[in-house]
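If you want the building blocks of each chain, they are given just below.
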Amino acid sequence: MESKVENRKKILQMLKNFSDYEKERQNKEVLEQLTASSDWKSAKKIALYMSMPIEFNLTELFDQSDDKEILIPKCLPQRQMIFAKYDKENLVRSKFGLLEPKSDLAIEPDFILVPGLIWNDEGHRIGFGGGYYDRYLANFEGMTASVLYDFQKMDFAAEAHDIAVKKLFIGRKNNEF
């Protein structure tokens, strides 16, 4: 079985080489599944993430969620993280190059959309390597989910500190020729 580092490299390369057409198609399909789910519909405070170009484009979730309070992560010292209210006029670039809220006011979400690179059948994930989400999720009791492309699901053994997400929304390959 390949190591986390090897799996990360492999998936990052696949994400970089993923066709724009297929990425857009799966993105649309999966976000429709997510927003149609009862967990999404019942959530009032939803934590999203500011996606990078290789990740799912979550822009429409920020734009269409008028009845929900949208939160985004903010990294703190000692690899800790909070979620704060999303306000597109009050964002700053983090040391990782991601946009974060200026606010330090922590708000507890009831639904977290968890980013990552690879997921197994149990919902354990391999992220980008910082461990921020695993530390936050260790004490979180609300709903967690992830959105992923069809090739991001892989068999791997979870480590003791890995926290599984509760639901996966997975794209399907387009088998039309």
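To start, this report covers the structure provided alongside it. (Residues numbered from 1 in each chain as written. Predicted model: local features only at pLDDT ≥ 70, side-chain atom pairs only at ≥ 80, totals over all residues. Heavy atoms only, no water.)

1. Points about the overall build of the protein chain
- Within the protein chain, the regular secondary structure consists of 5 helices and 10 strands.
- Relative to the compact-globule value of 16 Å for 177 residues, the protein chain shows a C-alpha radius of gyration of 16 Å, a close match.
- Based on the C-alpha atoms only, the size of the protein chain along its principal axes is roughly 45 × 35 × 30 Å.
- Burial analysis of the protein chain (177 residues in total) assigns 47% to the buried set.
- A separation threshold of at least 6 residues defines the contact pool for the protein chain, and within that pool the share at least 24 residues apart is 68%.
- When the 26 positive and 29 negative side-chain charges of the protein chain are each reduced to one mean point, those points stand 3 Å apart. (Helix = DSSP H or I, 4+ residues; strand = E, 2+ residues; numbered from the N terminus. Rg over C-alpha atoms; globule rule 2.2 N^0.38 Å. Buried < 20%, exposed > 50% of the residue type's maximum accessible area, 1.4 Å probe, protein only. Contact = heavy atoms within 4.5 Å. Lys, Arg positive; Asp, Glu negative; His and termini not counted. Charge placed at Lys NZ, Arg CZ, Asp CG, Glu CD.)

2. Description of the sheet that holds strand β2 (residues 69-76)
- In spatial order, the strands read β3-β2-β1-β6-β9-β10; together these 6 strands make up an open sheet with mixed pairing. With partners counted over all chains shown, the strands left at the sheet margins are β3 (80-85) and β10 (167-170), one partner each. Each strand of the sheet is rotated relative to its neighbour by a mean of 30°, with strand direction disregarded.
- As paired strands, strand β1 (residues 45-47) and β2 are joined by 3 bridges and run parallel to one another. Its bridge partner lying in β2, Ile46 is registered against Ile70. (Pairing = 2+ DSSP bridges. Axes fitted to C-alpha atoms, helices over the stretch in contact; angles between N-to-C directions.)

3. A closer look at the pairing of β2
- Two elements, β2 and β3, share 6 bridges in a ladder whose sense is antiparallel. Among the inter-strand pairings, Ile72 is bridged to a residue of β3, identified as Ala84.
- Hairpin connection between β2 and β3: a loop of 3 residues separates the two successive antiparallel strands, and Gln78 in this loop has a positive phi of roughly 60°.

4. A few points about helix α2 (residues 20-36)
- Taking 1.5 Å per residue as the helical rise, α2 with its 17 residues ought to reach 24 Å, and the 24 Å between its terminal C-alpha atoms agrees with that figure.
- Elements in contact with the buried residues of α2: α3 (38-42), α4 (59-63), β6 (111-113), β9 (143-148) and β10. (Expected span 1.5 Å × (residues − 1).)

5. Brief notes about helix α1 (residues 4-17)
- Between its first and last C-alpha atoms α1 spans 20 Å; for 14 residues at 1.5 Å apiece the expected length is 20 Å, and the two agree.
- Listed as buried for α1 are Asn7, Arg8, Ile11 and Leu15. Angularly, the buried residues of α1 cover 100° about the axis, an arc narrow enough to put them on a single face. Residues Val5, Lys9, Lys16 and Asn17 are exposed on α1 and point more than 90 degrees away from its buried face. (Arc of directions from axis to C-beta.)

6. Let's talk about unusual backbone geometry
- Here the phi dihedral of Gln78 falls at roughly 60°; this positive angle occurs in a residue that is not glycine.
- You can see Gln78 is positioned in the loop between β2 and β3.
- You can call Gln78 exposed: its relative accessible area is 67%.
- Of note, Arg79 is a non-glycine position whose phi angle comes to about 55°, a positive value.
- Here Arg79 shows up in the loop between β2 and β3.
- Look at Arg79 and you get partly exposed, because its relative accessible area is 45%.

7. Concerning the environment of Lys85
- Take Lys85: it is sitting in strand β3.
- Here the alpha-carbon distance between Lys85 and Met154, two residues 69 residues apart in the chain, equals 33 Å.
- Ignoring anything within four residues of it in the chain, the contact list for Lys85 reads Glu69, Ile70, Leu71, Pro101 and Ile107.

8. So, the packing of aromatic side chains
- Using the criterion set out here, one finds 9 aromatic pairs in the structure.
- Look at Phe56 and Tyr149: their rings are 4.2 Å apart centre to centre, the planes differ by 15°, and that puts the pair in the stacked class. Of this pair, Phe56 sits in the loop between β1 and α4 while Tyr149 sits in the loop between β9 and β10, placing them 93 residues apart in sequence.
- For Tyr149, a relative accessible area of 0% puts it in the buried group.
- Joined through ring pairs, the aromatic side chains of Phe18, Phe56, Tyr149 and Phe151 make up one cluster.
- The ring centre of Tyr132 lies 5.8 Å from the NZ or CZ of Arg135, which sits over that ring. (Phe/Tyr/Trp six-rings, centres within 6.5 Å; stacked < 30°, edge-to-face > 60°. Lys NZ or Arg CZ within 6 Å of the ring centre and 35° of its normal.)

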